[in-house]
Amino acid sequence: MTRAAIVKEADLHRMAKVAKRDGVRVEIEIEGKIIRVSPDIPDSHRQRGVDMKPEDFTSLADWQAWRDQERAREAQRHS
């Protein structure tokens, strides 16, 4: 005979629904074990291409972030 699952599938589905809807990680602790369900968050911090044109930037902050990355890459090349 198999053991009963610590967490029922329906509970996991409910946790996943909340995690996705609210964009948060949901945790429960049962018998000293922590079960976590995280939302699938797209990677918004990926590096931008080196060949960007001035019109590609939507704000000064975007340009400054690109400039800082370029300076870091250049420093890494020279080290």
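Residues numbered from 1 in each chain as written. Predicted model: local features only at pLDDT ≥ 70, side-chain atom pairs only at ≥ 80, totals over all residues. Heavy atoms only, no water.

Draft legend 1. Focus on the pairing of strand β1 (residues 26-30). Where β1 and strand β2 (residues 33-37) come together, 5 bridges link them in antiparallel fashion. Bridge pairing in β2 places Ile-30 opposite Lys-33. A loop of 2 residues connects β1 with β2, the two strands running antiparallel in sequence, and Glu-31 in this loop sits at a positive phi of about 50°. (Pairing = 2+ DSSP bridges. Helix = DSSP H or I, 4+ residues; strand = E, 2+ residues; numbered from the N terminus.)

Draft legend 2. View of the packing of aromatic side chains. All told, the structure shown has 1 aromatic pair when counted by the stated rule. An angle of 55° between the planes, with centres 5.5 Å apart, marks the rings of Phe-57 and Trp-66 as tilted. Note on accessibility: Phe-57 and Trp-66 belong to one class, buried. (Phe/Tyr/Trp six-rings, centres within 6.5 Å; stacked < 30°, edge-to-face > 60°. Buried < 20%, exposed > 50% of the residue type's maximum accessible area, 1.4 Å probe, protein only.)

Draft legend 3. Structural context of the pattern of salt bridges. Taken as a whole, this structure holds 7 salt bridges when the rule is applied. Between Asp-11 and Arg-14 there is a salt bridge, and its shortest N-O distance comes to 2.4 Å. With a gap of 3 residues between them, Asp-11 and Arg-14 both fall in helix α1 (residues 9-22), about one helical turn apart. In this structure Asp-11 comes out as partly exposed when scored by relative accessible area, which is 28%. Notably, a salt bridge pairs Glu-27 with Arg-36, separated by 2.7 Å at the nearest N-O pair. The class for Glu-27 is partly exposed, based on a relative accessible area of 39%. (Salt bridge = Lys/Arg side-chain N within 4 Å of Asp/Glu carboxyl O.)

Draft legend 4. Fine view of helix α2 (residues 60-77). In this model α2 runs 26 Å from its N-terminal to its C-terminal C-alpha over 18 residues, within 8% of the 26 Å that 1.5 Å per residue would give. Looking at α2, one finds that the buried residues are Asp-62, Trp-66, Glu-70 and Arg-73. Across the axial projection of α2, the buried residues extend over an arc of 70°, all falling on one side. The outward face of α2, more than 90 degrees from its buried face, is lined by the exposed residues Leu-60 and Arg-71. (Expected span 1.5 Å × (residues − 1). Arc of directions from axis to C-beta.)

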